[in-house]
Amino acid sequence: MADGTILTIKRPITVRAVVTPTWKEEAEREISNGIANCDQQLAQLEQEGQQVVDEVRRQSANPLDPRVQEQVAQIQQQVAAKRSEIEEQKRGLLQQQAQVRELELEQIVEQGQLESTCELTVGDNLVQKMQVSIVVRDGVVQAIEEA
């Protein structure tokens, strides 16, 4: 490539948020919705699991047949595995909720990532071009920081 060549590349941008009362309320609301969703999934899982077990037993001529018992055990095992997965998700959300409550106002926290493009030319510092973040306060960009 010649020295005047411009190359456009994708780069990650870290989004950092200033903790404000509004930010905390929104974060807690999102987490609470996630927790409620987990609870709803657990209730639905239990109900559907029991319905499947009942259906298997009802369709069998002999519900005490070892093959039927094995099929029921497999269904219960699948339900238990999915329950554990959802409960782990809920535990993670509860931890996040506790962390959000402990955050102090005006503290800056990482909120996520975006992607953008930038132009590179010969002589540019690639590391600096790749290390970009934005700071937002209640959704409004306060600063664009480059390394």
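To be clear, the structure that these remarks concern was listed above.
The sections below set out a description of the structure shown in this document. (Residues numbered from 1 in each chain as written. Predicted model: local features only at pLDDT ≥ 70, side-chain atom pairs only at ≥ 80, totals over all residues. Heavy atoms only, no water.)

### What about the layout of surface pockets?
Stated formally: A 1.4 Å probe that fits into a set of points on a 1 Å grid over the protein atoms alone but cannot get out defines a cavity; an open set with protein on both sides within 12 Å along at least five of seven lines defines a pocket, and lining residues are those with an atom within 4 Å of a point. Grid points are joined across faces, edges and corners, and a volume is the space filled by probe spheres set on the points. Here a strand is any run of E in DSSP of at least two residues, a helix any run of H or I of at least four, and the numbering for each starts at the N terminus.
Considering only enclosed or pocket space, the largest pocket measures out at about 340 Å³ in volume. In terms of lining, the largest pocket is formed by 17 residues, of which the most central are Trp23, Ala27, Val100, Val109 and Gln111. At the level of secondary structure, the elements contributing two or more residues to the lining of the largest pocket comprise α1 (21–59), α2 (66–102) and β2 (108–121).

### A short note on the sheet that holds strand β1 (residues 6–18)
Where we set the bar: Strands qualify as paired when DSSP identifies two bridges or more between them. Lines fitted to C-alpha atoms define the axes here, with helix axes fitted over just the stretch in contact, and angles between the N-to-C directions of these axes take values from 0 to 180 degrees.
The sheet built from four strands is open, its strands ordered β2-β1-β3-β4 with mixed pairing. Of all the strands in the sheet, the pair left with one neighbour each is β2 and β4 (140–146). Taken over all neighbouring pairs, the strand axes of this sheet differ in orientation by 25 degrees on average, direction set aside. Strand direction decides the pairing type here: β1 and β2, joined by 13 bridges, are antiparallel.

### Details of the packing of α1 against α2
Let me state the cut-off plainly: For classification, angles of less than 35 degrees are called roughly parallel, those exceeding 145 degrees roughly antiparallel, those between 65 and 115 degrees roughly perpendicular, and all remaining angles oblique. Under the scheme applied here, ten amino acids are nonpolar (Ala, Val, Leu, Ile, Met, Phe, Trp, Tyr, Cys and Pro), four are charged (Asp, Glu, Lys and Arg), and all others, including Gly, are polar.
Where α1 contacts α2, the two axes come as close as 9 Å, and the packing angle between them is 170 degrees. Classified by the angle between their axes, α1 and α2 sit roughly antiparallel to one another. Looking at the contact of α1 with α2 residue by residue, the class counts come to 18 nonpolar, ten polar and ten charged.

### Focus on the pattern of salt bridges
This is how the line gets drawn: Salt bridges are identified by distance alone: a Lys or Arg side-chain nitrogen within 4 Å of an Asp or Glu carboxyl oxygen. Buried means the residue's accessible area, taken with a 1.4 Å probe over protein chains only, is under 20% of the maximum for its type, while exposed means over 50%, and partly exposed covers the values in between.
Across all of its chains, the model carries ten salt bridges by this definition. For Lys10, the salt bridge goes to Glu115, with nearest N and O atoms at 3.7 Å. Of this pair, Lys10 sits in strand β1 while Glu115 sits in strand β2, and the two are 105 residues apart along the sequence. The pair Lys10 / Glu115 is uniform in exposure class, with both members exposed. Note that Asp124 is salt-bridged to Lys129, the shortest N-O span being 3.9 Å. Classification of Asp124 by relative accessible area gives partly exposed; the value is 30%.

### So, unusual backbone geometry
Even without glycine at this site, Glu106 takes up a positive phi of about 75 degrees. Here Glu106 is to be found in the loop between α2 and β2. Residue Glu106 is classed as partly exposed on the basis of its relative accessible area of 48%. One non-glycine residue with positive phi stands out, namely Asp138, at about 50 degrees. Following the sequence through the fold, Asp138 ends up in the loop between β3 (132–137) and β4.

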